[in-house]
Amino acid sequence: MNEAIIAASRFGYGAGPDGTHAFAADPRGWLKAQLAPQAPLLPRFAGLPGSAELVVTLQQLRQERRQAKAEAEASPRPSAAGEPQGHQMLPEQRVLRQAVLQETAAKLDAVTTSAKPFVERLVSFWSNHFTVSGVRPIVRPLAGSFEREAIRPHVAGRFEDLVLAAVQHPAMGLYLDNWVSVGPDSRVGQRSTRGLNENLGRELLELHTLGVDGGYSEEDVRALARILTGWSIGGPRVDEPGRFRFVPAIHEPGDKIFLGRRYPEAGMGEGLAAIRVIANHPSTARHVARQLAQHFITDQPPPAAVDRLAQVFMQTGGDLRAVSLALVDQPEAWSSYLQKIKTPFDFVASAIRATGKPLTPEQAINGLNRLGQGLHMAPSPAGWPDDAASWVGPEAVLRRVEWAQAYAGQVGDDVDPAVLTEAVLGDTIAADQHQAIARAESRPIALAMLLASPAFQRR
């Protein structure tokens, strides 16, 4: 089977309309070259609002609205022409919508046009691993900046740095409520009803590092939650509003016992030390290796591949570039092609990348919602599932066919599906399906057949 097609589809988002000629001579070398260190931030992300700016803007707008409402209630008067009425958007809703549209456009542009599609797939993988979801409205405008600020810079760096960046990002603090977690014996805790919140400690262990079978207890969850008290977000009156901030007044004082080790009272240093330990733990290496193998090889990854990836993780101190390079070297990643079902996002992204015909952010958002995978809208902290059973029910298949027909109709006669089939699928599509596409009565019908074919739906 054509290794260049496998490289493009399994490790990226598929080939473009020009096919795989540029890297056909050395597909594995092409993938590895994409992981060069210190890649600069892509121009498409320049100018997008940062998370701190968004947090402060939303705080200010909500404060202004509360103040205006209080003044209106104190001095009621008839509505004046030009004032917000009915279902008009609130100011913060307009900011939220604009941020979501901008981030969606930049994300789609990255995955559909990047010369480093392997990096883009790794960004999506790690963003799902450290899920923050717009299901919580307060998080929605920050989900894109979270991926851009906390995930993207570290996909080829150290896992420990990635964990720290994710945990300290305001989107994670808001999503898992750590910004309101108060140590019961802290200065604030002793005089308020606010208490300890275990969400971040629990998900950090279960989902992000050790894994559910990683050898920790409920007491370890509570200990990590106490260690992470004080890891909060700066309010509007501090030096760096909207950014991570350690607040000693809500940090639980005293020593803690976590994973059998004593952590002497050290304020924020306790959390840094605990993250260093769990990020480099053997259970974390195996948990991360299994998830990577499940994403890049098969739903039930070969134990030998998991062992090899975990070994690289441990030997390199969690060097994700080394682990990603090792992924390319796994023979199972090349011998098990077409065993992974594309998620709806993969499907839409690979269709756009194949044809070179983009969608507007609104069209993409609506399409992904219809297909059941809204961008940055995972249903839980566990992220989107990464197995075929979650994406191939009868209704889901019908919706994919409907989307393929609608998108093909929008593309119209601008592409030749017979030529495109050869470019993006090569010998991975069955000969009779290739012939049927070539004989279709119109180009939109042929393109819909191509996009709905099993070879395109899998990677």
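Okay, so let's go over this structure. The written sequence of each chain sets the order in which its residues are numbered from 1. Only residues with pLDDT of at least 70 get local features here, since the model is predicted, and only at 80 or more are side-chain atom pairs given and counted; chain-wide, interface and lining totals rely on the full set of residues. Values shown for side chains rest on all heavy atoms present in the structure; no hydrogens or waters enter the calculation.

### Observations concerning the overall build of the protein
Link 1 in the chain: Secondary structure is summarised from DSSP: a helix means a run of H or I of at least four residues, a strand means a run of E of at least two, and numbering begins at the N terminus for each. The helix and strand inventory of the protein stands at 22 helices and 4 strands.
Link 2 in the chain: Relative to a compact globule of 459 residues, whose C-alpha radius of gyration would be 23 Å, the protein shows 24 Å and is just as compact.
Link 3 in the chain: Projected onto its principal axes, the C-alpha coordinates of the protein cover approximately 75 × 65 × 40 Å.
Link 4 in the chain: The buried share of the protein, taken over its 459 residues, is 52%. As defined in this context, the radius of gyration uses C-alpha atoms, and a globule is described by 2.2 Å times the residue total to the power 0.38. The cut-offs for exposure are 20% and 50% of the maximum accessible area for each residue type, with area from a 1.4 Å probe on protein chains only; residues under the lower value are buried, those over the upper are exposed, and the others partly exposed.

### A few points about the side chain of Gln-457
Link 1 in the chain: With respect to the helices and strands, the residue Gln-457 is situated in helix α22 (residues 454-457).
Link 2 in the chain: A polar contact of 2.7 Å, which involves the side chain of Gln-457, links it to the side chain of Arg-400.
Link 3 in the chain: Any two residues whose heavy atoms approach within 4.5 Å are treated as being in contact. Apart from residues lying up to four places away in sequence, Gln-457 is in contact with Lys-340, Ile-341, Lys-342, Phe-347, Arg-400, Leu-451 and Ala-452. Any pair of nitrogen or oxygen atoms within 3.5 Å is treated as a polar contact; in protein, a donor-acceptor pairing is required on top of that, and neighbouring residues in sequence qualify only through side-chain atoms on both sides.

### Points about the environment of Gln-315
Link 1 in the chain: Along the polypeptide, Gln-315 turns up in helix α13 (residues 303-315).
Link 2 in the chain: Each C-alpha atom, one on Gln-315 and one on Ala-285, is 10.0 Å from the other, the two residues being 30 residues apart in sequence.

### Notes on unusual backbone geometry
Excluding glycine, most residues fall at negative phi; most peptide bonds, likewise, are trans.
Link 1 in the chain: With phi around 55°, Leu-259 is a residue other than glycine that occupies positive phi space.
Link 2 in the chain: By the element assignment, Leu-259 lies in the loop between β3 (256-258) and β4 (261-263).
Link 3 in the chain: Judged by its relative accessible area of 25%, Leu-259 is partly exposed.
Link 4 in the chain: Despite not being glycine, His-376 has its phi angle at roughly 60°, a positive value.
Link 5 in the chain: Along the chain, His-376 turns up in the loop between α17 (361-371) and α18 (394-411).

### Overview of a nonpolar patch on the surface
Link 1 in the chain: Without a salt bridge and with relative accessible area above 30%, a residue can belong to a patch; like charges are then joined within 9 Å and nonpolar side chains (Val, Leu, Ile, Met, Phe, Trp, Tyr) within 5 Å. The protein chains shown are the only cover counted for residues, whose accessible areas, like all others here, come from Shrake-Rupley with a 1.4 Å probe. By definition here, a salt bridge exists when the distance from a side-chain nitrogen of Lys or Arg to a carboxyl oxygen of Asp or Glu is within 4 Å. The grouping of Val-392, Val-397 and Val-401 at the surface amounts to a nonpolar patch, some 190 Å² of accessible area in total.
Link 2 in the chain: Relative to the helices and strands, Val-392 resides in the loop between α17 and α18.
Link 3 in the chain: Judged by its relative accessible area of 38%, Val-392 is partly exposed.

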